[in-house]
Each structure stands twice: as C-alpha cells, then as structure tokens.
Amino acid sequence: MATMIPETSMRSMKKTLVLIAAAAGLALTAQPAAAAGGHGYALRNGNFSFEGPFGTFEQGQLQRGYKVYREVCAACHSMNLMSFRTLAEPGGPFYDADQVSAAENRFVKALAAEVQIADIDTETGEPIMRDGTAADRFPNPYPNATAAAAANGGAAPPDLSVMAKARAGGARYIYSLLTGYVAPPAELQIRPGQYYNAYMAGDLTPFMPEGSEHVPPGGFIAMPNPLMDGQVTYDDGSAETADQYARDVAAFIAWASDPKQVQRKQSGVGTLIFLLLFAGLTYMSYRRIWKGVAH
Amino acid sequence: MSDHESTYVPKTGVEKWLDSRLPIVRFGADYMSLPTPKNLNYWWTFGGILALCLAVQIATGIVLAMHYVPNVELAFASVERIMRDVNGGDLIRYTHANGASMFFIAVYLHMLRGLYYGSYKAPREMIWIVGCLIFFLMIATAFLGYVLPWGQMSYWGAEVITNLIGAIPVVGEPVLIWLRGGPAIDNATLNRFFSLHYLLPFVIAGCVVLHLWALHHAGQNNPVGILIPKDRLKKDTVPFHPYFTVKDGFAIVLFLILFAIFVFFMPNALGHADNYIPANPLVTPAHIVPEWYMLPFYAILRAIPDKFGGVVAMFAAIGVLFVLPWLDTSKVRSMRYRPAMRTFFVIFVLVGLGLGWCGAQLPDAPVVPGMPSFQLFDGQLNSYLWLTRLFTAYYFAFFLIIMPIVGLKETPLPIPATISEPVLPGGGDAMTAAAPASAEKKG
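Residues numbered from 1 in each chain as written. Chains lettered and ligands numbered in written order. Predicted model: local features only at pLDDT ≥ 70, side-chain atom pairs only at ≥ 80, totals over all residues.

1. With respect to the overall build of chain A
Here is step 1 of the chain: Across its full length, chain A carries eight helices and four strands.
Here is step 2 of the chain: Taken from N to C terminus, the helices and strands of chain A fall in the order α-α-α-β-β-α-α-α-β-β-α-α.
Here is step 3 of the chain: For chain A, the proportion of its 295 residues judged to be buried stands at 31%.
Here is step 4 of the chain: Across chain A, every contact between residues at least 6 apart in sequence was considered, and the portion connecting residues at least 24 apart equals 61%. (Helix = DSSP H or I, 4+ residues; strand = E, 2+ residues; numbered from the N terminus. Buried ≥ 20, exposed ≤ 12 C-beta atoms within 10 Å, placed from the backbone. Contact = placed C-beta atoms within 7 Å.)

Given below as structure tokens:
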C-alpha cells in the first residue's frame, strides 16, 4: 500500500483547475463578442463618467441628454416605461436634495405640465386633453405601433426606454451609432429611405458590386442622421455639437435604461466590503474549529 | 454512516412528545452529527452552495411573482416596473436572473467533482441518479423562467425548443399544440410556463430531500474514494457540525462574493442584449442563442443534421449521465489513483467548454478564418459545425467507450488503506502530535 498521495496527482489537479478557469474565463468574455457579430469598427469610447464600479452620472449631462431626447428623439421615439417623476429620483437628471418627493419636484412638474395627455373627463366621461403631471408617462409620439410604422416607411422607431440594455455595448453603441453616419463608399447601392451607418448591424455584401474586396462595416438604418451642430441650445456652456449631443443623449438613455444602477453599485461596494470581512471571520472560525484535527 | 446511530436525546417534555410522534428534530440532529470524512476538500462545498442557490431562487422568485404579470402585452413592462418602482426590485430581479447562472456554475462544478472522485459508484448510485434528475429539472425550470420576461430571446427560445417536440414522429404535432396551449406561442403558453416555473422549484426541493436522504444513508464519498472501515470511523470522520458547516460556510461566503460582483456591477453581462427587446413574433433575431449554461446541449442539438436526431442526441447527452454508474467498470472510485482516466477527464472538461463555445457561434462560420478548407458532406471542414461534431463525438465516447474500456485496461496507482494514511505518517494514530503541521495542508 502506498503511503503518500502521488505528488503528480496533486499538481495535475491544480494544473487542471487553472486550465479550466482560464477556459471558462475565455468562454465568458467571448460570448458578447460573438453576439455583437460581424466585422464592424470597435465602438467609440464616449469617456462616460458612469462606467466602471465607482462611476456615477453627471447630473448636467443627464439634463442635457434629456433635452436632446425631448427636442429631437421624442419626435419619433417613445420611452413608454419612463414617468416624469423618475427624472427626479435620486441620481436622476432633476433630483433636488430639497424636494419633498420625486412627484413634487418643481422642475419635473413644470416639464410634465408642458405636454398634453389624453384622458377621460371624470365628470362626463368625454375624452379630453389635460396638462401632464409628474405621475404621467412620457407621451408617445404615435397613437399606436401601426401608425408609427406607417409614418416611417414601414419601420416603427424603437422605444428607447431600455435601449442601452438592448444593444451590446450600451451607451457606447448609442454614441457610436449617432455619430456613425459617415460617407458611404461610392459603389454601395443604397435603397431609398435607407441610410448608411458604420455601426448599424448588418451585412452589406449584397449591396456592393460583385467580387468587391472591401465590404464596408456597418449596415443600413431607416433613421436619417438626427443630430446637427447647433440644433439644441445648451445653457450651461457645453459645446453645441452633434458629437456632444450624441454623447449626452447616450448617457441619458443609459441612465433611463437602469435608473437605479448607481445606487446599486454603491450598495455593491458596501456589500463586498461586508462579505470580505465576513469571509475573513468565517475562515478564522474554520481554522480555529479544525485546530488539532489532522486532515 | 448508514449505521450512524442517533445521538439525539430529547430534553424537554415537548421534545419527547414530538420525538415519539414525528422525529423531525432527530432527523435534523442526526444530519448535524453525521460522521463525515475529514479529508473532504473544497470541491465538496458545492452541495451547500447549491442549497443556498435554490433557497435564493425560491425566495426572490416568490417576491417577483407578486409583481409579475403573465400576459403577453404586459409581461415585459411588468418586469421593468419591478426594477424601477418596486422597493429593492432591481436587486431582487437581478439576483434571480443571475442566480440562475450561479446555480448552474455550482451544479456543473458539483457534477464534475462527482465525476472525478467517482461519487456515483456503489453504494451511491441513487445519490447520483437523483442528482441527475435535479439537474434535468433545473434545465427545465431555467428554460421556463427565461421565457417569462417575454423579450425577443424569451420568445424565440421558446419557439425553437418547443418546435423540437414537434420533430418527434407521429405524436410530435399534437403534443406540441398541447404544450403550447394553441397552434403558436402565445398568451396560453406564457401562462402555463409561468405556472410550471413556479411549480418545478418545489419539485426540485423535494428531490433535494431525496438526494440528502440517500447521502445520509450511503455516506459521503471522499477524495481518496475508499469506504471508511467501521473500526476507523472514529479516527477518520468528524461530525458534520461544526466541522463542515464552518467549511461550507466559508465557501458559501466566497461564492456570494462572486454572486454579488455580478448582481451589483454587471447584472446583464451573462444575458443577451436582445432579451431587452420586447418579443415580436414577426421579427426573428439574427442569432438565436440560449443562456450560456445550455450552450453545450444546444451545440449537440445542432451537430446532428436530422432535426429529430438532434433532439434525441440532446436528450441522450443528459440521459447518459443517469446510467453512468453502470458504464464505469473501474473498481477504483477516485481518479487520483487513475492517471489514464484523469487525462480523459481533463479532455472531457475542455470538450464541454468547447461545446459551450461552439453553441454560441454560427455553425457555418469558419473556426480559423482564412484557413483553406474543403466541403465535407454538408459543411466546410473548417466550420463550427464540424468542430461541434468532433466535440459531440468525444462527449459520448467518453461515457460509452472510454469509461468502460479504460476501467478494465488501466492499472490504477496503489490506493491507501485509510483516508488518514496519505496525510499522516502512521495513519493518523499520532493525531494530536501531527496536528499543527498537517493543519496547514487542506484535503
């Protein structure tokens, strides 16, 4: 009978573990890449303040982004999951430390009052239009999806409520797409009502002359370039450029897609500190309980 | 272990009264005092981790069900409403969604541990079989749950998977309609999936009780893989509590750290972005993929050119696990003493990861872009299709060919007579003297 564990067996087990861990890590990181697919450009880095475990939103940027959404995007895109009051929740663009509640925030109430909401008169039951309140959802630019599609050449503009979660790359993707209306190669056949965008998903091979060596990255999008320099007035001195608008509205949509993300990350830091301390204590208990037991 | 005598003594009158009618306290107490091999390493902590995962999924799921609306028009928005307007709802929902991934990480490691150390062999076959049943129920539950947010991947995943049933000859079509509650995936489908998604976790919990009962009866395996002789029971085992409650507890806290990193900082990293697009039966996503933990089986499904054949292969990939105890011909449990088998095991783990990788790729895509290739039957040789087939062949060969043959042909290394022997000179008799030094070495 052997009296020792073969050294090689322990070593090989450890090696196996390292290999497995490395392969698992690779598999995890590879999945989003596969999902994004294609051979497009790398997404543009918007230097967003909210990325990373400690990142937070810049309130000024969220306010500017909301302004861009309201003045430009909202003409065609709904945000059905957003209520005006959400804009005043902690971390939101109009949060004010002195507000009684999000629904009582004066900026949000004023912004909501500017829109007209279809309702029913509580006395007569007749359909009426009334001023919006903080509790109302953002108004939908179209009465229904069919109308939205009919007004836009057959493709309804997507709802933007969770857009940053619905595209690989999130805010970076939105920023890249909005600034991705570069000049297409001359030989690309573009159908009417379509626009070339370097970051749109798609495969342009069928639209290039037969045997083309360099098929451009990107795809066709039904939305024309929505942002022009000087289109939206900023009153905080930020640059009024299409690039800045794209960056700001991408930040706003990233916030709106998950309005609690910053609070969650902050509680995450506390949770991890607690768990690390707890792990240390549990390990010391383990060592103490097993003291004197050979194993 | 199986002859583990109860040491529970009811103290108060109430306890005595209860013990003679329903000895439930005794059951718990016996579990806590269960003699447990003291050489169990950290691979043995995943049982406790999995119990935690199930409890977390049930607890968060019950709260989610209070707010979720199982209706095709409202389901997507109701899930988002939970994350926006329900107190702590974002944490509850993300914990539940990532909890499924954590559950599968733990169950795969738990199963690989069982495979490596031969925990499925006599007298523990029933522990393994009930475990396989739990794994199968977990897959079903996870699939049903993934449909509930009613995003694009929910809808199209349900479409692809239920369509598989339709591939069964003769009865496929009627069964498909019966499962979906109609000719297409619609409100009736969502409602029954919600109902079943709430039911199955409790079936799993019931199976967990059977799993633990069988474990209590047959006793735990250990890294050396030998049965502990009766006369060594005192020397080679320690009571489950506090020795393994504290060791499992430490591993659980480490696992929670990983869990928390996902929930708090990257809650959507393991999901697919398309599932945040509301389900649309008229728009097929460019690339329908299941959640990561199903990718290996999805790859096997796609590896077979015939649809029904693919379904059979996919179910066979899980089914083969149930008969594993009778496919392994080796008398030695632990692969520590089976160097040849250990090599095949390492390849098996890499193949499993490879299948998962292939499941996320388009079958026609080249594995090495630009490498010259040629058409082999129905696909280019340099494609994920053929790589998947190679891996699938190994997956089945591992269980059906390698296991039976290697078990008969190999020469195992010498096996220690006791579990203390590999660690301690003198087989653990000089226990106290050797303690300080050997406490540094973990199992």
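2. Focus on the overall build of chain B
Here is step 1 of the chain: Along its length, chain B carries 17 helices and four strands.
Here is step 2 of the chain: Seen along its three principal axes, the alpha-carbon backbone of chain B occupies a region of about 75 × 60 × 45 Å.
Here is step 3 of the chain: The burial tally for chain B puts 41% of its 443 residues in the buried class.
Here is step 4 of the chain: At a minimum sequence separation of 6, the contacts of chain B that also span at least 24 residues come to 74%.

3. A short note on the pairing of strand E2 (residues 127-131) of chain A
Residue and element names in this part refer to chain A.
Here is step 1 of the chain: For E2, the tally of buried residues reaches only zero of five residues, placing the bulk of the element at the surface.
Here is step 2 of the chain: Sheet topology places strand E1 (residues 116-120) next to E2; five bridges connect them, and they run antiparallel. Residue Gln116 lies in a different strand from E2, and its bridge partner there is Asp131.
Here is step 3 of the chain: Counted between consecutive antiparallel strands, the loop separating E1 from E2 contains six residues, among which Gly125 sits at a positive phi close to 80°. (Pairing = 2+ DSSP bridges.)

4. A word on the domain arrangement of chain B
Residue and element names in this part refer to chain B.
Here is step 1 of the chain: What the domain assignment reports for chain B is domain 1 (1-10 + 31-290) and domain 2 (297-322 + 339-411).
Here is step 2 of the chain: Contact with domain 1, which involves 13 residues of that partner, is made by 11 residues of domain 2.
Here is step 3 of the chain: Sorting the residues of the side of domain 1 that touches domain 2 by element identifies helix H5 (89-116) and helix H6 (125-147) as the ones contributing at least two each.
Here is step 4 of the chain: Tallied by class, residues from the side of domain 1 that touches domain 2 come to 12 nonpolar, one polar and no charged. (Domains from an automatic or database assignment. Nonpolar A, V, L, I, M, F, W, Y, C, P; charged D, E, K, R; others polar.)

5. A look at the domain arrangement of chain A
All names here are of chain A.
Here is step 1 of the chain: Partitioning chain A into structural domains gives domain 1 (39-82 + 137-181 + 228-280) and domain 2 (182-224).
Here is step 2 of the chain: Taken over C-alpha atoms, the centre of domain 1 sits 25 Å from the centre of domain 2.
Here is step 3 of the chain: Listed as interface residues are 12 residues of domain 1 and, on the opposing side, 11 residues of domain 2.
Here is step 4 of the chain: Residue composition of the side of domain 1 that touches domain 2, by class: six nonpolar, six polar and no charged.

6. Focus: the nonpolar core
Here is step 1 of the chain: Counting 88 residues, the largest nonpolar core has Ile49(B), Phe103(B), Ala106(B) and Ile300(B) as its most contacted members.
Here is step 2 of the chain: Residue contributions to this core peak at 11 residues, all from H5(B).
Here is step 3 of the chain: Of the residues that make up this core, three or more belong to each of domain 1 (1-10 + 31-290) and domain 2 (297-322 + 339-411) of chain B.
Here is step 4 of the chain: Every residue in contact with Ile300(B), bar those within four places of it in the chain, is listed here: Ala313(B), Met314(B), Ala317(B), Leu355(B), Thr392(B) and Tyr395(B).
Here is step 5 of the chain: Listed in part, the 49 residues of the second largest apolar core include Tyr66(A), Leu111(A), Ala166(A) and Ala250(A). (Core = buried A, V, L, I, M, F, W, Y, C linked by C-beta atoms within 7 Å.)

7. Quick notes on the packing of helix H12 (residues 295-303) of chain B against helix H13 (residues 307-322) of chain B
All names here are of chain B.
Here is step 1 of the chain: Two numbers describe how H12 lies on H13: the axes approach to 7 Å, and their chain directions differ by 145°. The handedness of the crossing between H12 and H13 comes out as right-handed. Every residue of H13 that contacts H12 at Phe297, Ile300, Leu301 and Arg302 is listed here: Gly310, Val311, Ala313, Met314 and Ala317.
Here is step 2 of the chain: Within the contact of H12 with H13, the residues separate by chemical class into seven nonpolar, one polar and one charged. (Axes fitted to C-alpha atoms, helices over the stretch in contact; angles between N-to-C directions. Left-handed = near helix turned anticlockwise from the far one by under 90°.)

8. Some words on H13(B)
Residues and elements named next belong to chain B.
Here is step 1 of the chain: The end-to-end C-alpha separation of H13 is 24 Å, in line with the 22 Å expected for 16 residues at 1.5 Å each.
Here is step 2 of the chain: Where H13 bends most, the angle comes to about 30°, and this point is Ala316.
Here is step 3 of the chain: Where H13 is concerned, the buried positions are Val311, Met314 and Leu321.
Here is step 4 of the chain: Of the surrounding secondary structure, the elements contacted by the buried residues of H13 are H6, helix H7 (152-166), H12 and helix H14 (324-327). (Expected span 1.5 Å × (residues − 1). Bend = angle between axes of the 7 residues up to and from the residue.)

9. Comments concerning unusual backbone geometry
Here is step 1 of the chain: Residue Pro123(B) is reached from Ala122(B) by a cis peptide bond, and omega for that bond is 5°.
Here is step 2 of the chain: Here the amide bond leading from His241(B) into Pro242(B) is cis, since omega sits at 5°, within 30 degrees of zero.
Here is step 3 of the chain: Looking at the secondary structure, you find Pro242(B) in helix H11 (residues 240-265).
Here is step 4 of the chain: Its identity as a non-glycine residue notwithstanding, Asn47(A) has a phi of 45°, on the positive side.
Here is step 5 of the chain: The topology assignment puts Asn47(A) in the loop between helix H1 (7-36) and helix H2 (59-71).
Here is step 6 of the chain: Within the chain, Phe377(B) stands out as a residue other than glycine whose phi angle is a positive 50°.
Here is step 7 of the chain: As for its position among the elements, Phe377(B) is in the loop between strand E3 (375-376) and strand E4 (379-380).

10. Quick look at the confidence of the model for chain A
Here is step 1 of the chain: Scored by pLDDT, chain A has a mean of 88; 86% of the residues are at 70 or more.
Here is step 2 of the chain: Confidence over residues 26-38 of chain A falls short of pLDDT 50; this stretch has 19 contacts with residues more than four positions distant or in other chains. (pLDDT = per-residue confidence, 0-100.)

11. Details of the confidence of the model for chain B
Keep in mind that low pLDDT regions are not for reading the predicted coordinates in detail.
Residues and elements named next belong to chain B.
Here is step 1 of the chain: With 94% of its residues at a pLDDT of 70 or more, chain B has an overall mean of 92.
Here is step 2 of the chain: Scored below 50 in pLDDT, residues 427-443 makes 27 contacts in the model with residues more than four places away or belonging to other chains.
Here is step 3 of the chain: The ipTM, which scores confidence in the relative placement of chains, is 0.90 for this predicted complex, and the corresponding pTM is 0.90.

12. Points about helix H8 (residues 261-290) of chain A
Here is step 1 of the chain: In this model, H8(A) (30 residues) spans 42 Å end to end at C-alpha, consistent with the 44 Å of a helix rising 1.5 Å per residue.
Here is step 2 of the chain: Those residues of H8(A) lying buried are Gln261(A), Arg264(A), Gly268(A), Leu275(A), Thr282(A) and Tyr286(A).
Here is step 3 of the chain: Residues of H8(A) that are buried sit in contact with H5 and H11 of chain B.
Here is step 4 of the chain: Remark: Gly292(A) follows H8(A) within two positions and exhibits a positive phi of approximately 85°.

13. Observations regarding the packing of H5(B) against H11(B)
Helices that pack against each other are described as a pair by the angle of their axes relative to one another and the distance between those axes.
All names here are of chain B.
Here is step 1 of the chain: Orientation of H5 relative to H11, taken along the N-to-C sense of each, is 130°, at an axis distance of 9 Å. Relative to H11, H5 is oriented oblique. For the element pair H5 and H11, the recorded crossing hand is right-handed. Between H5, through Leu91, Tyr94, Thr95, Asn98 and Met102, and H11, the contact on the second element is made entirely by Phe259, Phe262 and Val263.
Here is step 2 of the chain: Residues that form the contact of H5 with H11 fall into these classes: six nonpolar, two polar and no charged. (Parallel < 35°, antiparallel > 145°, perpendicular 65-115°, else oblique.)

14. A short note on the environment of Val246(B)
Here is step 1 of the chain: Relative to the assigned elements, Val246(B) resides in helix H11.
Here is step 2 of the chain: A tally of 19 C-beta atoms within 10 Å means that Val246(B) is categorised as partly exposed.
Here is step 3 of the chain: In this view, Val246(B) contacts Thr282(A), Ser285(A), Tyr286(A) and Ile289(A); residues no more than four positions away in its chain are not counted.

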